[in-house]
Amino acid sequence: MNISFFTQVLESFVLFKIGFLLITILYIIFLFIVYNQINSMDKIIIGDQGASIIKFVSLLNIILAASLFLVSVVIL
Amino acid sequence: MPDIFIAKYKELPKDQEQKRSNLTHFKNFVKRLTQYSSSSQKNESNLKIFSTFCINPTGISFENKERDEKTLLFLRRHIITNFFWVLITIILLLIPLFFVFLNFYSINPFRFIDLPSRFSYFFLILYYLIVLTFALINFINWYFNACLITDKRVIDINFSELVYKNISTTKFDLLQDASYNQTGLLRSLFDYGDVLLQTAGSLENFDIQAVPHPDRVVHIVEGLLGRRGNI
């Protein structure tokens, strides 16, 4: 009884972890698409100071998401 | 001493004369517009991050710009059009705090669904990153939707939902008419509206949406079309 309960809990933990990692990976891919689009728009309107700030924020977002992914692989 | 040869004065054909006068008028208008922007509107001459209406913007260029081409006007949607997504972002940022209050000040906002605390913190961080991305996408949707009016053509850049990108260009020779539409309380209050530039024949019309001071935009475009002399 107890063993099956612990197995269920463990399975749910594993499922949570896999789900979380999957969401994070998809999110990072999406962020790369966003960054790519910003880059392509920056080539159309040249010399725009705001675009470089947006690019920086987008890059920061990617770094944060990647860090979250790596930390969750280790800790979870 | 008698003249050996005196050329007879020939009047230019009407079409040529018209073209010449139009060209002179156009050059004068561009010159006046440049002088006007540099003298009386120094605060509007430089393009900033949140600029929505900028006469004679400096330090900006675009793809396929010709050497002698001058950018006369830079337009974006009015800043007030961002109100709704900013409001949604603020609400989304406050939702976890609401759950903290709901759970009697427990730091774990996902306690009510029995999610282990270490998972909930990671989900919370991911949630805030997604909210940040939501705000970023909405901002770039606004930021990259721009319209540039040069002394030669009109360039309309449409960018939405990350996957749709459309850049349309038309020369002033092909433009026929400029009009604007300003309906609604918000538009009257904040002075913004849609500008419609009609092109000749089967070409697609230009619909520049929610731009500030649409009357001034139409005035400038009509001046460039050679219909009005004053700015």
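Relevant structure appears above.
Visitor: Mind showing me how you'd approach the overall build of chain B here?
Guide: If you tally the helices and strands in chain B, you get 5 helices and 9 strands. Walking chain B from its N terminus toward its C terminus, one meets helices and strands in the order α-β-β-β-α-α-β-β-β-β-α-β-β-α. By residue count, 22% of the 231 residues in chain B fall in the buried class. Taking all contacts inside chain B whose residues are at least 6 apart in sequence as the whole, residues at least 24 apart take part in 47%.

Visitor: What is the right way to look at the overall build of chain A in this model?
Guide: A count of helical and extended segments in chain A gives 2 helices and 1 strand. Mapped from its N terminus to its C terminus, chain A presents α and β elements in the order α-β-α. Split into buried and exposed, the 76 residues of chain A put 16% on the buried side. Within chain A, residue pairs in contact and separated by at least 24 positions form 71% of the contacts whose partners lie at least 6 positions apart.

Visitor: Honestly, the interface of chain A and chain B in this entry has me stumped. Any pointers?
Guide: A common measure of how large an interface is: the accessible area buried when the components associate. Between chain A and chain B, the residue contacts involve 30 residues of the former and 25 residues of the latter. Counting residues per element, the ones that place at least two in the side of chain A that touches chain B are helix H1 (2-44), strand E1 (45-46) and helix H2 (49-75) of chain A. Per-element tally for the side of chain A that touches chain B: the top contributor is H1(A), with 13 residues. Here the side of chain A that touches chain B is built from residues that sort into 20 nonpolar, 8 polar and 2 charged. When E1(A) meets strand E2 (residues 61-62) of chain B, the two strands line up antiparallel, connected through 2 bridges. From the neighbouring strand, A:Ile45 faces E2(B), where its bridge partner is B:Phe62.

Visitor: Would you mind showing me how to read H2(A) here?
Guide: Given 3.6 residues to a turn, an α-helix orients residues that are three or four positions apart in the same direction. In a regular helix each residue adds 1.5 Å, so 27 residues correspond to 39 Å; H2(A) covers 39 Å between its end C-alpha atoms and thus fits that length. Burial in H2(A) covers these residues: A:Ala51, A:Ile54, A:Ser58, A:Asn61, A:Ala65 and A:Ser72.

Visitor: Help me understand the pairing of strand E6 (residues 164-171) of chain B, please; the structure alone is not making it clear to me.
Guide: Each regular strand carries side chains that alternate between the two faces of the sheet. In terms of strand pairing, strand E5 (residues 153-160) of chain B meets E6(B) through 8 bridges, oriented antiparallel. Paired with B:Ile157 across the two strands is B:Ile167, which belongs to E6(B).

Visitor: What is the right way to look at helix H3 (residues 117-143) of chain B in this model?
Guide: Between its first and last C-alpha, H3(B) extends 39 Å over 27 residues, near the 39 Å set by a 1.5 Å rise per residue. All buried positions along H3(B) are accounted for by B:Phe122, B:Ile140, B:Trp142 and B:Tyr143.

Visitor: What am I meant to see in the sheet that holds strand E3 (residues 71-76) of chain B here?
Guide: Pairing between the strands of a sheet is mediated by backbone hydrogen bonds and can be parallel or antiparallel. Residues and elements named next belong to chain B. With antiparallel pairing, the 5 strands of this open sheet are ordered in space as E1-E3-E4-E5-E6. At either margin of the open sheet sits one strand with a lone partner, and together these are strand E1 (53-55) and E6. Geometrically, the sheet is characterised by an average inter-axis angle of 10° between neighbouring strands, direction not taken into account. In the sheet, E3 pairs with strand E4 (residues 146-150) via 5 bridges, with the strands oriented antiparallel. Directly across from Phe74, in E4, lies its bridge partner Leu148.

Visitor: I would appreciate a short explanation of the sheet that holds strand E8 (residues 192-199) of chain B in the present structure.
Guide: All names here are of chain B. In space, the 3 strands of this open sheet follow the order E7-E8-E9, with antiparallel pairing throughout. Across the chains shown, the open sheet's two edge strands, defined by having one partner strand only, are strand E7 (175-181) and strand E9 (206-212). Across the sheet, the axes of successive neighbouring strands diverge by a mean angle of 20°, strand direction being ignored. In terms of strand pairing, E7 meets E8 through 6 bridges, oriented antiparallel. Paired with Tyr180 across the bridge in E8 is Val195. Sitting on the sheet, helix H5 (residues 214-225) touches E7, E8 and E9, and the angle it makes with E7 is about 170°.

Reading the values: rules and limits
- Residues numbered from 1 in each chain as written.
- Chains lettered and ligands numbered in written order.
- Predicted model: local features only at pLDDT ≥ 70, side-chain atom pairs only at ≥ 80, totals over all residues.
- Helix = DSSP H or I, 4+ residues; strand = E, 2+ residues; numbered from the N terminus.
- Buried ≥ 20, exposed ≤ 12 C-beta atoms within 10 Å, placed from the backbone.
- Contact = placed C-beta atoms within 7 Å.
- Nonpolar A, V, L, I, M, F, W, Y, C, P; charged D, E, K, R; others polar.
- Pairing = 2+ DSSP bridges.
- Expected span 1.5 Å × (residues − 1).
- Axes fitted to C-alpha atoms, helices over the stretch in contact; angles between N-to-C directions.

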